[in-house]
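# Close look at the chain arrangement
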Amino acid sequence: SQQGEEDPQALSIQEGENATMNCSYKTSINNLQWYRQNSGRGLVHLILIRSNEREKHSGRLRVTLDTSKKSSSLLITASRAADTASYFCATGLDDKIIFGKGTRLHILP
Amino acid sequence: GAGVSQSPSNKVTEKGKDVELRCDPISGHTALYWYRQSLGQGLEFLIYFQGNSAPDKSGLPSDRFSAERTGGSVSTLTIQRTQQEDSAVYLCASSSSRTPGNTEAFFGQGTRLTVV
């Protein structure tokens, strides 16, 4: 089952621009995480936001969470070529961590 | 070890053969997850181990798939009578949390399985 759904599925932007990805989920959560995947291999944890938090920052990353709308957004500011990757949101549900289908981000030089 | 280790990195097998994929989690991590990722797709949950509790096998796609975790550490995912649709990257992750999603999950680099 898919708990999170990322939007858009794919995004291409110019280097230096900001990239925004959205995630919607279906059930109540304790927290929500964002991960990055390069080249279809292992995922790397980016940031975790708890259900009682509305916004969190980490470097060039900004995550928001709206539990009333069951949605989250990931903003990457001043994008770089190295940000090209797939980005996934994940939530804990029924003793599992469930991932969305991801957003493929491509940073154009 | 310093991270989650998976072996082999790549596996090519003939249709109908059995394969075993290994995951060595971070020492001390009680939670261990297996996921499958087909080309260009998201992560499909397969199975979850937490300490000595019975594993959550709800994501296993068929009875050809099984997994075990010995001594609360190393896990083996076994696929019997492989089919071409089993071709995918199999990812393992471990976490120190007893509540899924409460802390970071650490991923291995995956095993790319190709069934020919």
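Our structure is the block above this text.
If you're wondering where the values come from, they're calculated on a predicted model, not measured in any experiment. (Residues numbered from 1 in each chain as written. Chains lettered and ligands numbered in written order. Predicted model: local features only at pLDDT ≥ 70, side-chain atom pairs only at ≥ 80, totals over all residues. Heavy atoms only, no water.)

## What about the overall build of chain A?
To keep things clear, this is the line we draw: Helix and strand definitions follow DSSP, with helices as H or I runs of at least four residues and strands as E runs of at least two, each counted in order from the N terminus. Here, residues are in contact when the closest pair of their heavy atoms is within 4.5 Å. Here the Shrake-Rupley method, with its probe set to 1.4 Å, supplies the accessible areas, and only the displayed protein chains count as covering residues. Charge assignment: positive for Lys and Arg, negative for Asp and Glu; neither His nor the chain ends contribute. Just so you know, the charge point we use is NZ for Lys, CZ for Arg, CG for Asp and CD for Glu.
Across its full length, chain A holds zero helices and eleven strands. In chain A, the succession of α and β elements from N to C terminus is β-β-β-β-β-β-β-β-β-β-β. Dimensions of chain A, computed from the C-alpha atoms along their principal axes, are close to 40 × 25 × 20 Å. Sequence separation of at least 24 residues holds for 53% of the intrachain contacts in chain A that already meet a minimum separation of 6. As presented, chain A carries roughly 5100 Å² of accessible surface, and 44% of it is formed by carbon and sulfur atoms. A gap of 3 Å separates the mean positions of the 14 positive and 11 negative side-chain charges of chain A.

## Things to note about the state of the cysteines
Residue and element names in this part refer to chain A. Put simply, the rule is: Whenever a pair of cysteine sulfur atoms sits within 2.5 Å, that pair is classed as a disulfide. Per-residue accessibility, obtained with a 1.4 Å probe over protein chains only, is compared with the maximum for each type, and a residue is labelled buried under 20%, exposed over 50%, and partly exposed between these values.
Applying the stated criterion to the full structure yields two disulfides over all chains. One disulfide bridge connects Cys23 with Cys89, the sulfur atoms lying 2.0 Å from each other. Negative torsions about the S-S bond denote left-handed disulfides, and the value of about 65 degrees found for Cys23 with Cys89 makes this one right-handed. A residue pair is termed long-range when its members are at least 10 positions apart, and Cys23 in strand β3 (residues 19-25) and Cys89 in strand β9 (residues 85-93) qualify at 66 residues. For Cys23, a relative accessible area of 2% puts it in the buried group.

## As for the sheet that holds strand β6 (residues 65-69) of chain B
Residues and elements named next belong to chain B. Here is the rule: Strands qualify as paired when DSSP identifies two bridges or more between them. Only C-alpha atoms enter the line fits that serve as axes; for helices the fit covers just the stretch in contact. Angles between N-to-C directions range over 0 to 180 degrees.
The strand order β1-β3-β7-β6 describes an open sheet built from four strands, whose pairing is antiparallel. Looking at the sheet topology across the chains shown, the edges are occupied by β1 (5-7) and β6. In this sheet, neighbouring strand axes are inclined to one another by 15 degrees on average, regardless of whether the strands run parallel or antiparallel. For β1 and strand β3 (residues 19-24), the ladder comprises three bridges, and the chain directions are antiparallel.

## Remarks on the pattern of salt bridges
Residue and element names in this part refer to chain B. Note the following rule: Think of a salt bridge as a Lys or Arg side-chain nitrogen and an Asp or Glu carboxyl oxygen that are within 4 Å of each other.
Per the stated rule, a full pass over the model turns up five salt bridges over all chains. The partner of Glu44 in a salt bridge is Arg36, with the nearest N and O atoms 3.0 Å apart. Relative accessible area serves as the criterion here: at 10%, Arg36 is assigned to the buried category.

## A word on the nonpolar core
Residues and elements named next belong to chain A. Test applied: Within this scheme, the nonpolar core is defined by two criteria: the residues are buried Ala, Val, Leu, Ile, Met, Phe, Trp, Tyr or Cys, and they are joined through side-chain atoms within 4.5 Å.
Judged by nonpolar contacts, the single largest core of 22 residues is most densely connected at Leu32, Trp34, Leu74, Ile76, Tyr87 and Leu105. Secondary structure elements with two or more residues in this core: β2 (10-14), β3, β4 (31-37), β5 (43-50), β7 (61-66), β8 (71-76), β9 and β11 (103-108). Counting residues per element, this core draws most heavily on β3, which supplies four residues. If we skip the residues at most four places from it in the chain, Leu105 touches Leu11, Ile13, Ala19, Met21, Ile76, Asp83, Thr84, Ala85 and Tyr87.

## Here's the deal with unusual backbone geometry
Note that the residue after Asp7(A), namely Pro8(A), is joined by a cis bond; omega there is 0 degrees. Summarising the element assignment, Pro8(A) is placed in the loop between β1 (4-7) and β2. Cis geometry marks the peptide bond from Ser7(B) to Pro8(B), where omega comes out at -10 degrees.

## Digging into the interface of chain A and chain B
Heads up, the condition is: Summed over both partners, the accessible surface that disappears when two parts come together, traced with a 1.4 Å probe, is what is meant by buried area. We define a polar contact as two N or O atoms separated by no more than 3.5 Å, with the added condition that, inside protein, one atom must be a possible hydrogen donor and the other a possible acceptor, whereas residues neighbouring each other in sequence contribute only through side-chain atom pairs. In this classification, Asp, Glu, Lys and Arg are treated as charged, Ala, Val, Leu, Ile, Met, Phe, Trp, Tyr, Cys and Pro as nonpolar, and every other residue, Gly included, as polar.
Taken together, the contact between chain A and chain B spans 25 residues of the former and 28 residues of the latter. Between chain A and chain B, roughly 1900 Å² of surface is buried when both sides are summed, and carbon and sulfur atoms account for 49% of that area. Connecting chain A to chain B are zero salt bridges. Taken together, chain A and chain B are joined by three residue pairs in polar contact (both at pLDDT 80 or more). Residue assignment for the side of chain A that touches chain B shows that the elements contributing at least two residues are β4, β5, β9 and β10 (96-99) of chain A. Class assignment for the residues of the side of chain A that touches chain B results in seven nonpolar, eleven polar and seven charged.

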